[in-house]
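What follows is the residue order along each chain.
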Amino acid sequence: MKKHSKCWIMIKIAILGDIGSGKSFVARSFGYPVFNADNEVAEIYKKNKNCFIKLKKLLPKYIETFPIDKTELMNAILSNKNNIKKITKIVHPLVRKKMNLFLLKNKKRKLIILDIPLLLENKIKTKDTILVFVDAKKSDILKRLSKRKSFNSKILKRLKEIQLPLDHKKKKSKYIIKNYDTKSSVRKSVKNLLKKIL
């Protein structure tokens, strides 16, 4: 934590980058508590009955099963590009609530990591959040994505449509970590970055 105006302030680092660039690996490499939005969303779909009721009411043609079925969500997203925005509108406030609980739980920690894909889009960033952009080669990104069980190029396109351009995210970031080579070289970059921040 940094000392400021006679009080201690937790350092917040947010990880930005393309889908499949290795953001989650970079986030874990810091060795501090990580708030992973994707994991939280998966948990919401699995356990939050209220979320299911809202989504079923909004998209009755597609959402039928609880726990919420990923296939049903994918079908809804593919059928109409506006559906992803409708889903986000319901899920985002729940994720934000979980993030606030995470921050409260870790308020005495020196540093925390935010791994939230729509951090800038949903205006989650605060003035004191340090932005770190993960840069990766397109060929490596495609390789990682193709290994994912639920990989679908059309879904990927829809997800990218609701995200800000990568160039914008890169310009907004204070630091850039290159995820080009080995995992050990990424860990080394993270270690060097921590020396600058702490």
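Since we're looking at a predicted model, the values are computed, not measured. (Residues numbered from 1 in each chain as written. Predicted model: local features only at pLDDT ≥ 70, side-chain atom pairs only at ≥ 80, totals over all residues. Heavy atoms only, no water.)

## Some remarks on the nonpolar core
Nonpolar side chains in soluble globular proteins generally cluster together in the buried interior.
Next, step 1: If you look at the biggest cluster of nonpolar residues, it comprises 34 residues, and the most contacted ones within it are Leu55, Leu114 and Leu119.
Next, step 2: Setting aside residues no more than four positions away along its own chain, Leu114 makes contact with Ile13, Ala14, Ile15, Phe35, Met99, Phe102 and Leu119.
Next, step 3: Core analysis: the next-biggest nonpolar cluster, separate from the first, contains 19 residues, Ile11, Phe25, Ile113 and Val132 among them. (Core = buried A, V, L, I, M, F, W, Y, C linked by side-chain atoms within 4.5 Å. Buried < 20%, exposed > 50% of the residue type's maximum accessible area, 1.4 Å probe, protein only. Contact = heavy atoms within 4.5 Å.)

## Points about the environment of Asn80
Next, step 1: Relative to the helices and strands, Asn80 is located in the loop between α4 (70-79) and α5 (83-105).
Next, step 2: Taking the C-alpha atoms as reference points, Asn80 and Arg158, 78 residues apart in sequence, are found 9.5 Å from one another.
Next, step 3: Here the side chain of Asn80 touches Asn82 through a polar contact of 2.8 Å, landing on its backbone nitrogen. (Helix = DSSP H or I, 4+ residues; strand = E, 2+ residues; numbered from the N terminus. Polar contact = N/O pair within 3.5 Å; in protein donor to acceptor, adjacent residues only side chain to side chain.)

## Things to note about α4
Next, step 1: Residues of α4 that are buried include every one of Glu72, Leu73, Ala76 and Ile77, and no others. End-on, the buried residues of α4 take up no more than an arc of 135°, which puts them together on one face.
Next, step 2: Residues of α4 that are buried in the fold lie against α2 (37-47), α3 (49-58), α5 and α7 (153-161).
Next, step 3: One side-chain oxygen of the residue at the start of α4 lies 2.8 Å from the amide nitrogen of Thr71, identifying that residue as Asp69. (Arc of directions from axis to C-beta.)

## Some points on the confidence of the model for the protein chain
Next, step 1: For the protein chain, the average pLDDT comes to 92, and 96% of its residues sit at 70 or higher.
Next, step 2: Throughout residues 1-6 the model reports pLDDT below 50, and contacts reaching past four residues in sequence, or to other chains, amount to 14 contacts. (pLDDT = per-residue confidence, 0-100.)

## A short note on the sheet that holds strand β5 (residues 111-115)
Next, step 1: Sheet architecture is open: five strands sit in the order β4-β5-β3-β6-β7, paired in parallel fashion. The open sheet has two free edges, formed respectively by β4 (34-36) and β7 (175-178), since each of these has just one partner strand. The average undirected angle you get between the axes of adjacent strands in this sheet is 25°.
Next, step 2: Strand direction decides the pairing type here: strand β3 (residues 11-17) and β5, joined by four bridges, are parallel. From the neighbouring strand, Lys12 faces β5, where its bridge partner is Ile112.
Next, step 3: Running over the sheet, α2 touches β4 and β5 and is turned about 50° from β4. (Pairing = 2+ DSSP bridges. Axes fitted to C-alpha atoms, helices over the stretch in contact; angles between N-to-C directions.)

## What about the pairing of β3?
Where a strand is regular, its side chains alternate between the two sheet faces.
Next, step 1: Across the seven residues that make up β3, a large majority, seven, are buried.
Next, step 2: In β3, alternate side chains face the same way, and those of Ile11, Ile13, Ile15 and Gly17 on one face and Lys12, Ala14 and Leu16 on the other are all buried.
Next, step 3: Note that β3 and strand β6 (residues 129-135) share six bridges and pair parallel. Along β6, the bridge assignment pairs Ile13 with Ile130.

## Things to note about unusual backbone geometry
Next, step 1: Looking along the chain, the bond that leaves Phe66 and enters Pro67 is cis, with omega of -5°.
Next, step 2: Examined against the element boundaries, Pro67 turns out to sit in the loop between α3 and α4.
Next, step 3: Even without being a glycine, Lys123 presents a positive backbone phi close to 50°.
Next, step 4: Mapped onto the elements, Lys123 comes out in the loop between β5 and β6.
Next, step 5: Taking the relative accessible area as the measure of exposure, Lys123 reaches 69% and is therefore exposed.

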